[in-house]
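Descriptive analysis of the structure
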Amino acid sequence: MRSVFLSPAANDMGKKLYIETVGCQMNVLDSELVVGSLRRQGFELTYDANDADVILFNTCSVREHAEEKIYSALGRLRGHKRRHPEKVIGVLGCMAQKDQKKILHRAPHVDIVCGTGQLGRLPELIDQVRQGSGPQLALSLARNEASRLEVEHSFESYDPMRDPTMRPSPFQAYVRVQIGCDKFCTYCVVPSTRGPEQSRPPQHIAAEVRQLAAEGCKEVTLLGQTVNSYEYDLGDRRERLSDLLARIHDTAGIERIKFVTNFPRDMGNDLLDAVRELPKVCKYLHVPAQSGDNDVLKRMKRLYTVEYYREMLQRCRERVPEVAISSDFIVGFCGETEEQFQRSCDLVREASFKNSFIFKYSTRPGTRADDLYPDDVPEEVKKRRNNDLLAIQGGVSRADHRRQVGRTVAVLVEGLSKAALKASGGPGPRQLTGRTMTDHIVVFEGNERLVGRTVAVHIREASAFTLFGEVATGENLGDEEAPAEEEGYNRDRVRFALPII
């Protein structure tokens, strides 16, 4: 579970807010914007749900485990709500849009159920609950309830003014370029929980990136469910993701641009050429494969074959030398045989992915797979396949990382490493962590004032997950005067628990 906590502001009106976020980067961005909106309504943030006047859970429905963690958290609040009936409890996001009244049935003490397309209404919904109007449901239309245009309008992109104090870092930010999805993979709830695919106007995106740069942001990550499907009709032409990258590339102050997540069928040569030719665009692509077997891909309705995916990988590496590629895999999908699973293993061995995110299949009510196919792979088989594929990917990742040893790479320093965060602080260098232009994680010793800067690091060692190095430009780099903090920003104000469910 990913949690967003901010310390109380000193000059607000005394209302306290606690929010937890489960899921993907899109959810993290939604929470940032929700917090910013409610802060402007006079809320301060607290670390302790027991101390909060409003308790919000921003949810994910991609996997059952994520949903059950939310229901468990809601169950623990039942007694608290009974003792403090004036407290407001809300469930936001994908689970709210999917489960709707089911949430109120399982957790009748919940006051607000607000879907992904209705987050802008949260201040109003909270006021309605406080005025005694009872539970509030704010949900977008189902895709079969109205015309596409009407459904689109009910899933509004929630992009209010940004607030730099709401981000986990003053120099990194997410930017939504697209909402919704039209791919309809049979295992996936996103087309129903986030609605039809819609791309934001490129002018709005460029203006947001300029604003972020003015606030001190150095890296932006463009977000979309299938981000490389981005396309916007400007009347005289259609702007694609490659054009959007070129549009924002020269924004003063921005040093790095990333984009996730890509759909294999939409990986056009124009996008690959943009990644190669635009220096600020990270040479990193996340392109989920999901399976290495054609029959499984067909049941998943992934719209490509393994042969196509391999050809796409070859094009990526030919057009973008040194590109790093990561992937996603689902093991134990409906009907997956041992032979079909082994084909996924073969693809991982051959593809040289930097890393892969591997998940056990869990049936999701409301998806086509749940309607069409039995969930017939035993749980113990799913666990074994998950571990087997993780082990294969671990070996591939280790080989990829060892190829980096001896190189000097540019690292955007993100903060203290996990080890440094656990250790007691003291004088002298600390263990820092950051990422390269190919999204490799690097750990090295340096002055904490390097956080937020790009430094040259010489790679000395490598594990399957991490590169280890030392600052290559001399120890005096860490002794330079650190830049002033952005006005109103306190590095201790925002805390993220990094693992994503």
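This structure is a prediction, so every number in the text was calculated from the model and none was measured. (Residues numbered from 1 in each chain as written. Predicted model: local features only at pLDDT ≥ 70, side-chain atom pairs only at ≥ 80, totals over all residues. Heavy atoms only, no water.)

1. Looking at the overall build of the protein chain
Per the secondary structure count, the protein chain includes 17 helices and 23 strands. Within the protein chain, buried positions represent 56% of all 501 residues. Considering only intrachain contacts with a sequence separation of at least 6, the fraction spanning at least 24 residues in the protein chain is 72%. Surface summary for the protein chain: the accessible area is close to 21400 Å², and the carbon and sulfur share equals 49%. (Helix = DSSP H or I, 4+ residues; strand = E, 2+ residues; numbered from the N terminus. Buried < 20%, exposed > 50% of the residue type's maximum accessible area, 1.4 Å probe, protein only. Contact = heavy atoms within 4.5 Å. Areas by Shrake-Rupley, 256 points an atom, 1.4 Å probe, with all protein chains shown as cover.)

2. So, the packing of helix H14 (residues 338–351) against helix H16 (residues 379–402)
One can describe the packing of H14 onto H16 by two numbers: an axis separation of 9 Å at closest approach and a directional angle of 15°. Between H14 and H16, the angle is such that the two are roughly parallel. For H14 against H16, the interelement crossing comes out right-handed. Touching Glu338, Phe341, Ser344, Cys345, Val348 and Arg349 of H14 are Arg384, Arg385, Asp388, Leu389, Ile392, Gln393 and Val396, all from H16. In the contact of H14 with H16, the residues fall into 6 nonpolar, 2 polar and 5 charged. (Axes fitted to C-alpha atoms, helices over the stretch in contact; angles between N-to-C directions. Parallel < 35°, antiparallel > 145°, perpendicular 65-115°, else oblique. Left-handed = near helix turned anticlockwise from the far one by under 90°. Nonpolar A, V, L, I, M, F, W, Y, C, P; charged D, E, K, R; others polar.)

3. Topic: the environment of Asp375
Tracing the chain through its elements places Asp375 in the loop between helix H15 (368–372) and H16. Residues Asp375 and Gly335, spaced 40 residues apart in sequence, show a C-alpha to C-alpha distance of 7.5 Å. Each residue touching Asp375, except ones within four places of it in the same chain, is listed here: Gly332, Cys334, Tyr361, Thr363 and Lys382. In terms of polar contacts, Asp375 uses its side chain to reach the side chain of Lys382, at 2.9 Å. (Polar contact = N/O pair within 3.5 Å; in protein donor to acceptor, adjacent residues only side chain to side chain.)

4. Digging into the nonpolar core
Counting residues in hydrophobic clusters, the biggest one holds 62 residues, and the most contacted among them are Leu222, Leu241, Leu245, Phe259, Leu285, Tyr309 and Phe333. Residues within four places of Leu222 in sequence aside, it is in contact with Val175, Val177, Val227, Leu241, Leu244, Leu245, Ile248, Ile257, Lys258, Phe259 and Val260. In this structure, Tyr18, Ala66, Ala73 and Val91 belong to the second largest nonpolar core, which totals 22 residues. (Core = buried A, V, L, I, M, F, W, Y, C linked by side-chain atoms within 4.5 Å.)

5. Some points on the pairing of strand E22 (residues 467–471)
The two faces of the sheet receive side chains in turn, since in a regular strand these alternate between them. Bridge analysis of strand E20 (residues 441–446) against E22 gives 4 bridges, and the strand direction is parallel. Directly across from Glu445, in E22, lies its bridge partner Glu470. Taken together, strand E21 (residues 454–462) and the strand that follows it, E22, pair antiparallel across an intervening segment of 4 residues. (Pairing = 2+ DSSP bridges.)

6. A closer look at the environment of Thr186
As for its placement among the helices and strands, Thr186 is situated in the loop between strand E9 (178–179) and helix H8 (190–193). By relative accessible area, which is 5% here, Thr186 ends up buried. Residues contacting Thr186, with those up to four places away along its chain left out, are Arg299, Met300, Lys301, Phe333, Thr367, Arg368, Ala369 and Tyr373.

As far as function goes, none of this settles anything; it's purely spatial.
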